[in-house]
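Below are the chains, spelled out letter by letter.
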Amino acid sequence: MRLMTGIFAAALMAATSIVPAKAAGPELADWAALEKAASGQTVYFNAWGGSENINAYLEWVGAEMQSRYGVTVVQVKLEDTASAVAKVIAEKAAGKNEGGSVDLIWINGENFVSMKQQDLLLTPGWATALPNWRYVDIENQPTILTDFTEPTEGLESPWGGAKMVFFYDSARTEASSLPDNAKQLLDWAKNNPGRFSYPAPPDFIGSSFLKQVLSEVIADPAKLAKPVVEESFEQDVEPLFAYLDQLHPVAWRSGKTFPQNYPDMKQKLADGELDIIFAFNPSEASAGIKAGELPETVRSFTFSGGTLGNTHFVAIPYNANAKEGALLTANFLISPEAQLRKQDPAYWGDPTVLAMPKLSEADRAAFAALDLGAATLSPDKLGPVIAEPHASWMERIEVEWRRRYASGN
């Protein structure tokens, strides 16, 4: 999920500042009327399309929405969420305040902050007015109400949880030798040269690794909850790049090149090229085993002091053409049935945003009966969540990373 940058973005943002937006949405109090209005609509759901199992899950969502409500859901498969944000920005700049091309966006972090700051989202409060909001776990999952330190204010509806988890092959690596924090990971890499790496930013997983390390080594972690201060930025990130300067010479291929993304790291773990990899979904290892992509001996671990975690959401642009259909879809996505299927590793394995005590006895039993797989840590073993830094940190550390290391790739 990326914001566009540079002159084009600046020009569009300047243009949007002089064009008034119409963010008012349908009346959610009359849900029956909203369902009737949605029938026959087509919802263009702009969502990352890089995973076959996620795409298959969305096909199931589409089939359910069609059969239940007569709503057609079309997944617009994205490589980068910023491209959908750019569409809405361009439409607003052109004065297209109705009938927009984007109805629903899979979003979080800097893209949400960008759309919120530019008044590109549907009326505040719609997410918390959805009928299925009553099941959402706002009490124990604080990232549902604060997205990368930005209050969500009902402008986006939670869809799933994410947490950084490391994987290793227990047939090759002793569990007792595994690191328990970023410093120990660096020591492990020095003792096992060539056996660890990370995807080069701006890959999402690679950038998440940088944020994990930064969260552990920055002198004042409280600074990460606020926007970057340019005057102290270089000093704030110096421990991160000192860490990377030590890691790269002992990383895979001496840090002169990097895995392309998580699937590439997964293949390298399976091939025996890497011994420790990581993902942002605790179920990825079990899903990989089930798909025959990883050995059955792969297992998971996290750091006892915490690893990065967040919530991902869906949002509706202010000028969406099918607002009623998008609201119905967002509500269905947080239904117990849809969340149960999504958490099942057989379909996706994405952690739920629902609170078990709020569900019916039958739904709680169905979640409890899910086979999460031998490589998936139970919720009580996932460890503490380290909150995402303010969205402004992502782009700044990526730019600095490219300035220092990109010439070698």
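Quick summary incoming for the structure in this document. (Residues numbered from 1 in each chain as written. Predicted model: local features only at pLDDT ≥ 70, side-chain atom pairs only at ≥ 80, totals over all residues. Heavy atoms only, no water.)

### Side note on the pairing of strand β7 (residues 165–169)
In terms of residue burial, β7 counts as a mostly covered element, since 5 of its 5 residues are buried. Because side chains alternate across β7, one face comprises the buried residues V165, F167 and D169, and the other comprises F166 and Y168, equally buried. Both β7 and strand β8 (residues 276–279) contribute to a ladder of 4 bridges, which runs antiparallel. What sits directly across from Y168, in β8, is I276. (Buried < 20%, exposed > 50% of the residue type's maximum accessible area, 1.4 Å probe, protein only. Helix = DSSP H or I, 4+ residues; strand = E, 2+ residues; numbered from the N terminus. Pairing = 2+ DSSP bridges.)

### As for the packing of aromatic side chains
Enumeration according to the criterion identifies 22 aromatic pairs in this entry. Plain terms: the ring middles of W159 and W348 are 5.2 Å apart, the flat faces sit at 85 degrees to each other, and that makes the pair edge-to-face. On the criterion of sequence distance, the pair formed by W159 in strand β6 (residues 156–163) and W348 in the loop between α12 (336–343) and α13 (361–368) is long-range, its members being 189 residues apart. A centroid spacing of 6.0 Å and a plane angle of 40 degrees characterise the contact between F233 and W393, whose relative ring orientation is tilted. Taken together, the positions of F233 in helix α8 (residues 230–247) and W393 in helix α14 (residues 391–405) put the pair 160 residues apart, joining distant regions of the chain. A single burial state applies to F233 and to W393, both of which are buried. Joined through ring pairs, the aromatic side chains of F166, Y168, F196, Y198, F209, F241, F258, F278, F301, F303, W401 and Y405 make up one cluster. Between R341 and the ring centre of Y347, over which it is positioned, the NZ or CZ distance is 3.8 Å. (Phe/Tyr/Trp six-rings, centres within 6.5 Å; stacked < 30°, edge-to-face > 60°. Lys NZ or Arg CZ within 6 Å of the ring centre and 35° of its normal.)

### Points about the pairing of β6
Note on strand geometry: in a regular strand, side chains alternate between the two faces of the sheet. Most of β6 sits inside the fold, with 8 of its 8 residues counted as buried. Pairing of β6 with strand β10 (residues 307–315) involves 7 bridges; the strand directions are antiparallel. In the strand pairing of β10, G160 is matched with H312.

### Quick look at the packing of helix α4 (residues 82–93) against helix α5 (residues 109–117)
Helix packing geometry: the angle between the two helix axes and the distance between the axes. It is the contact of α4 with α5, at a shortest axis distance of 10 Å, that shows an interaxial angle of 10 degrees. With respect to α5, the element α4 is oriented roughly parallel. Contacts between α4 and α5 involve A82, V85 and V88 from the former and N111, S114 and M115 from the latter. (Axes fitted to C-alpha atoms, helices over the stretch in contact; angles between N-to-C directions. Parallel < 35°, antiparallel > 145°, perpendicular 65-115°, else oblique. Contact = heavy atoms within 4.5 Å.)

### Focus on the sheet that holds β7
One open sheet holds the 3 strands; their spatial order is β8-β7-β9, and the pairing between them is antiparallel. Each having just a single partner strand, β8 and β9 (298–301) make up the two edges of the open sheet. Across this sheet, the average inter-strand angle for adjacent strands is 35 degrees, counted without regard to direction.

### Things to note about the pattern of salt bridges
With the rule as written, the count across this model stands at 18 salt bridges. A salt bridge links K342 to D350, with the nearest nitrogen and oxygen atoms 2.8 Å apart. Of the two residues, K342 and D350, neither departs from the other in class, the shared state being buried. (Salt bridge = Lys/Arg side-chain N within 4 Å of Asp/Glu carboxyl O.)

### Observations regarding the side chain of K323
Tracing the chain through its elements places K323 in helix α11 (residues 323–333). Among the polar contacts listed, one links the side chain of K323 to the backbone oxygen of Y318, at a separation of 3.3 Å. One polar contact links the side chain of K323 to the main-chain carbonyl oxygen of A320, over a distance of 3.1 Å. (Polar contact = N/O pair within 3.5 Å; in protein donor to acceptor, adjacent residues only side chain to side chain.)

### Some thoughts on the nonpolar core
One broad rule of soluble globular proteins: the nonpolar side chains tend to lie buried together. Counting residues in hydrophobic clusters, the biggest one holds 56 residues, and the most contacted among them are F167, Y198, F209, Y243, L244, L247 and F278. Of all the elements, α8 adds the most residues to this core, at 7 residues. Other than its neighbours up to four places away in sequence, L247 contacts L186, A189, F196, Y198 and F209. Membership of the second largest hydrophobic core comes to 44 residues, among which are A127, L354, F367 and L370. (Core = buried A, V, L, I, M, F, W, Y, C linked by side-chain atoms within 4.5 Å.)

### Notes on the packing of helix α6 (residues 182–191) against α8
Put simply, α6 and α8 touch, their axes get as near as 10 Å, and they point 20 degrees apart. In terms of orientation, α6 and α8 fall into the roughly parallel class. Between α6 and α8 the crossing geometry is left-handed. Contact residues: α6 offers A182, K183, L185, L186, A189 and K190, while α8 offers Y243, Q246 and L247. (Left-handed = near helix turned anticlockwise from the far one by under 90°.)

Read these as spatial facts, not as claims about activity.
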